[in-house]
Amino acid sequence: MLYKSAADWQAAARKRVLLFGMSGLGKTRLASLLRDQGDWFHYSIDYRIGTRYMGEHIADHFKREAMKVPFLRDLLMTDSISIESKIRFHNLAPLSTYLGKPGDPAKGGLPFDEYMRRQEQHRAAEIAALADTPQFIARAEEIYGYANFVCDSGGSICEVVDPWDPADPLLRLLEDSVLLIWIEGSDAHTEELVRRFDRAPKPMYYQPDFLRTRWNEYLQETGLAEDQVDPDAFVRWTYARALAHRQPRYAEMARRGVTVQADEVAQVEDAAGFEALVARALEAKGQ
């Protein structure tokens, strides 16, 4: 680990961390809090994916839809308008909209093969964005003067690495650059995440084998053809299974770093509180 003990962490002039765990447990809130303190650089993996690595895919998707409207088509063809994505740290809707959901096209669903193609684009983009972490650590300090660095990873980080492989190249790169911090939720958090997702199901990235298995299971269980599947119904059905699938992957990743509880993270109000929380986690790991 980058910091061997609580004393190492507390004495470090440069504190560098990566937050991981399920979406909705406080990663972005905590990273934003640290950024707002003024001396932490906030590197958002989802933002990097949506701007640097999938920005053209997203913008081209918007343009294809616009070209279906004669009025907008004429304006695009004469360069009278431009269309671009407006992704923000707290608004990743353009990325989610592009990923989409499989199923009935009348309900906004994608053909499964197209859905998987976009999933693969996201996988490659997420790996590239995570691999950029050391570069952004250097840029944050050299250009902007930030000694402290927080990487706000996506919930699917555990899907693009092999947590059980000690030689996994991406995890090794990250271990050498940042302290991995798992924000672990309780059973109550899981229930709330499922309720929240059920109210507003959104596209997500899933490991290909997991996704194909779930898709085939859903088709067999419901007896529906691919183009009859309600996209929202499928992603709702898949979500709870994804939580169970990811939990052991997160736990194995945490062996390379430390674990903090989501309830503890929710109580952090400033950078000092965060640094104290990490120190306690390092102490607990050393016992």
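Cut-offs and rules
- Residues numbered from 1 in each chain as written.
- Predicted model: local features only at pLDDT ≥ 70, side-chain atom pairs only at ≥ 80, totals over all residues.
- Heavy atoms only, no water.
- Helix = DSSP H or I, 4+ residues; strand = E, 2+ residues; numbered from the N terminus.
- Rg over C-alpha atoms; globule rule 2.2 N^0.38 Å.
- Buried < 20%, exposed > 50% of the residue type's maximum accessible area, 1.4 Å probe, protein only.
- Contact = heavy atoms within 4.5 Å.
- Areas by Shrake-Rupley, 256 points an atom, 1.4 Å probe, with all protein chains shown as cover.
- Core = buried A, V, L, I, M, F, W, Y, C linked by side-chain atoms within 4.5 Å.
- Salt bridge = Lys/Arg side-chain N within 4 Å of Asp/Glu carboxyl O.
- Axes fitted to C-alpha atoms, helices over the stretch in contact; angles between N-to-C directions.
- Parallel < 35°, antiparallel > 145°, perpendicular 65-115°, else oblique.
- Left-handed = near helix turned anticlockwise from the far one by under 90°.
- pLDDT = per-residue confidence, 0-100.
- Pairing = 2+ DSSP bridges.
- Expected span 1.5 Å × (residues − 1).
- Phe/Tyr/Trp six-rings, centres within 6.5 Å; stacked < 30°, edge-to-face > 60°.
- Lys NZ or Arg CZ within 6 Å of the ring centre and 35° of its normal.

On to the overall build of the protein chain. Each helix and strand in the protein chain was counted, giving 14 helices and 5 strands. Relative to its length of 287 residues, the protein chain is compact, with a C-alpha radius of gyration of 20 Å against a globular reference of 19 Å. Dimensions of the protein chain, computed from C-alpha atoms along their principal axes, come out at roughly 65 × 50 × 35 Å. Residue burial in the protein chain is summarised as follows: out of 287 residues, 48% are buried. Within the protein chain, contacts between residues separated by at least 24 positions form 78% of all contacts whose residues are at least 6 apart in sequence. When the accessible surface of the protein chain is split by element, carbon and sulfur atoms take 48% of a total near 13800 Å².

It is worth spelling out the nonpolar core at this point. Counting residues in each nonpolar core, the largest one holds 82 residues, and the members touching the most others are Trp9, Leu18, Phe20, Phe149, Ile181 and Phe274. Element by element, the count of residues in this core is highest for helix α12 (residues 231–254), at 9 residues. Setting aside its immediate chain neighbours within four residues, Ile181 contacts Val17, Leu18, Leu19, Phe20, Val258, Val260, Phe274 and Val278.

What follows is about the pattern of salt bridges. Should their charged atoms come close, side chains of opposite charge can pair. Considering all chains together, one arrives at 18 salt bridges under this definition. Its salt-bridge partner being Arg195, residue Glu192 comes within 3.0 Å of it at the nearest N-O pair. A residue pair is termed a helical-turn pair when its members lie 3 or 4 positions apart in one helix, as Glu192 and Arg195 do in helix α10 (residues 187–199) at 3 residues. A residue is classified by how much of its surface remains accessible, and Glu192, at 26% relative accessible area, is partly exposed. Exposure remark for Arg195: the relative accessible area of 44% places this residue in the partly exposed category.

Moving on to the packing of α10 against α12. Orientation of α10 relative to α12, taken along the N-to-C sense of each, is 160 degrees, at an axis distance of 10 Å. By the angle between their directions, the pair α10 and α12 is classed as roughly antiparallel. Pair α10 / α12 crosses with right-handed handedness. Contacts between α10 and α12 involve Thr190, Leu193, Val194, Phe197 and Asp198 on the former and, on the latter, Val235, Arg236, Tyr239, Ala240 and Leu243.

Its place among the elements puts Thr190 in helix α10. Residues Thr190 and Glu269, 79 residues apart in the sequence, show an inter-C-alpha distance of 23 Å.

Now for the confidence of the model for the protein chain. Across the protein chain, the average pLDDT comes to 92, with 99% of residues at 70 or higher. Across the protein chain, strand β1 (residues 16–20) holds the top mean pLDDT of 98, while helix α4 (residues 55–66) sits lowest at 82.

The next thing to look at is the sheet that holds strand β4 (residues 179–184). Read across the open sheet, the 5 strands follow the order β2-β3-β1-β4-β5; overall the sheet is parallel. Each edge of the open sheet carries a strand with a single partner, namely β2 (40–44) and β5 (258–261). In this sheet, adjacent strand axes meet at a mean angle of 25 degrees when their direction is disregarded. Strand contacts of α12: β1, β4 and β5, with the helix running at about 145 degrees to β4, the strand carrying the most contacts.

Let's shift gears to helix α7 (residues 112–131). One full turn of an α-helix is made of 3.6 residues, so residues set three or four places apart face in the same direction. Counted at 1.5 Å a residue, the expected span for α7 with its 20 residues is 28 Å, and the 29 Å between its end C-alpha atoms agrees. Among the residues of α7, those classed as buried are Phe112, Tyr115, Met116, Arg118, Gln119, Gln121, His122, Ala125, Glu126, Ala129 and Leu130.

Time to look at the packing of aromatic side chains. Each aromatic ring pair is specified by the distance between its two centres and by the angle formed by the two planes. Taken as a whole and assessed by the stated rule, the structure comprises 19 aromatic pairs. When the ring of Tyr3 is compared with that of Trp9, the centres are 5.1 Å apart and the planes differ by 85 degrees; the resulting orientation is edge-to-face. Looking at Tyr3, the relative accessible area reads 5%, which means it is buried. Classification of Trp9 as buried rests on a relative accessible area of 0%. Taken together, a centroid distance of 4.7 Å and an interplanar angle of 5 degrees make the contact between Phe112 and Trp215 stacked. Remark: Trp215 occurs in helix α11 (residues 208–222) and Phe112 occurs in helix α7; sequence separation between them is 103 residues. For Phe112, a relative accessible area of 9% puts it in the buried group. Each member of the aromatic cluster is reached from another via a ring pair, and the members are Phe41, Tyr43, Phe136, Tyr144, Tyr146 and Phe149. The ring centre of Trp9 lies 5.6 Å from the NZ or CZ of Lys15, which sits over that ring. Sitting over the face of the ring of Phe136, Arg139 holds its NZ or CZ atom 4.7 Å from the ring centroid.

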